[in-house]
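Chain and residue survey
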Amino acid sequence: MQLTRRHLLAHSAALPLWPLAGLGLTACSTVETTSVQARLRGKSITVISTIGTTLRLTWRGTTLFNNELGEAFVPDWGYKEQLENRTVELLKASGRFSSVQRVTITATRREEALKELKELKTPTDHVLLISGTPSADSIWATREGFFGLGIAQRSILQLGTESVAHASLRVDLLEPSTFGTVLGEATVSTAQRVPAPALLRGPRLNDDHAAAARESLKVQVDAAVQSLVNQLGLGKAAPAPASSAPRPAPAPAAAPMTPSSSAFPVTSPNVEGRGIPAPSGVGASDIPPAGR
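In this text, all values refer to a predicted model and were calculated from it rather than measured experimentally. (Residues numbered from 1 in each chain as written. Predicted model: local features only at pLDDT ≥ 70, side-chain atom pairs only at ≥ 80, totals over all residues. Heavy atoms only, no water.)

Focus: the overall build of the chain
Inclusion rule: Only runs of H or I of at least four residues qualify as helices and only runs of E of at least two qualify as strands under DSSP, and these elements are numbered from the N terminus. Burial classification: accessible surface area is computed with a 1.4 Å probe over protein chains only, and a residue below 20% of its type maximum counts as buried, one above 50% as exposed, and the rest as partly exposed. Two residues qualify as a contact provided that any one of their heavy atoms is within 4.5 Å of a heavy atom in the partner residue. Shrake-Rupley sampling with a 1.4 Å probe provides the accessible areas, and residues are treated as covered by the protein chains on show and by no other component.
Each helix and strand counted, the chain has 4 helices and 15 strands in total. Every one of the 292 residues in the chain was classed for burial, and the buried ones make up 41%. Relative to all contacts within the chain whose residues are 6 or more apart in sequence, the contacts with residues 24 or more apart total 69%. Element-wise, carbon and sulfur atoms account for 56% of the exposed surface of the chain, whose accessible area totals about 16,400 Å².

Quick word on the nonpolar core
Selection rule: Among buried residues, those of type Ala, Val, Leu, Ile, Met, Phe, Trp, Tyr and Cys that are joined through side-chain atoms within 4.5 Å constitute a nonpolar core.
Core analysis: the largest hydrophobic core is formed by 48 residues, its most contacted members being Leu55, Leu91, Leu128, Leu149, Leu173 and Leu234. Here the element with the most residues in this core is helix H4 (residues 210-231); it accounts for 9 residues. Look past the residues within four positions of Leu234 in its chain and what remains in contact with it is Val36, Leu40, Leu90, Leu91, Ser94, Arg96, Phe97, Leu128, Leu173 and Val229. Counting 10 residues, the second-largest nonpolar core is a separate cluster that includes Val103, Ala107, Leu117 and Leu174.

Some points on the confidence of the model for the chain
Atomic detail in the predicted coordinates should be set aside for any region of low pLDDT. What counts is decided by this rule: pLDDT expresses, on a scale from 0 to 100, how confident the predictor is about each individual residue.
For the chain, the average pLDDT comes to 78, and 71% of its residues sit at 70 or higher. At the level of individual helices and strands, the chain shows its lowest average pLDDT in strand E1 (residues 5-10), which scores 31, and its highest in helix H2 (residues 79-94), which scores 97. Low pLDDT, under 50, characterises residues 1-21; the predicted model gives this stretch 52 contacts beyond four residues in sequence or across chains. Note on residues 258-292: pLDDT under 50 across the span, and 23 contacts to partners over four residues away in sequence or across chains.

Focus: the environment of Leu114
Mapped onto the fold, Leu114 is located in helix H3 (residues 110-120). Each C-alpha atom of the pair Leu114 and Gly180 lies 7.2 Å from the other, and the pair is 66 residues apart in sequence. Setting aside its immediate chain neighbours within four residues, Leu114 contacts Leu174 and Gly180.

Take a look at the structure:
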């Protein structure tokens, strides 16, 4: 299959203040959407994810020696369910598939995910696998970069601490019958500043300020899933444009007839042999084009 590469870039400034707005989003896909749409129509598809229960925590200091890396296990934050359920909703809304389902797996790597799905013996024609992916640091331009769902923080000599919530995701459209043949793939990365330091040294979550990062990630997850589904061409089809056919001109209205005092009809006067047209707008009506 001939693959074409599409780069969809949409940039907006990441705002340092609440409320949540101004997400910076970068997306990229490798997929031949027309071929994929035809191949998947009327088929079943299963959504799985290798991420959503663990956050990647990074602290960027003045030098490499000040950098710290950690994780936070947050299954109660609900990102795994949000990722998978939102994807299922969008696929169902497209009307392209005979069935759409979500299967929860414990695997954290792509190869493990495919093996686990096979062991579950879930019959499905295709699989949409959501996983983490690396992306550049779009906020501070450090060499550390971002990965998956996480919170990053930066300080200079323990001063001016800033926090960012980020989502860097990848989706693979797979065919299980051929052990994971990739029909298409797409990536998306977003990042947004949060208004208070969300991490403590370690790094570990700062429970006093983590709520802002948590809400920011919820918004980013929804935006990322929408982008990934659309890049693969699996979203809801756009409505057909309204007909642009010209409206037919309204028929000319006859001049009004008024009875005379002698009860004889009065004909319209003539000027140089031509009838005087009715006043402008009389009898005019809007006639909608066919199909409306």
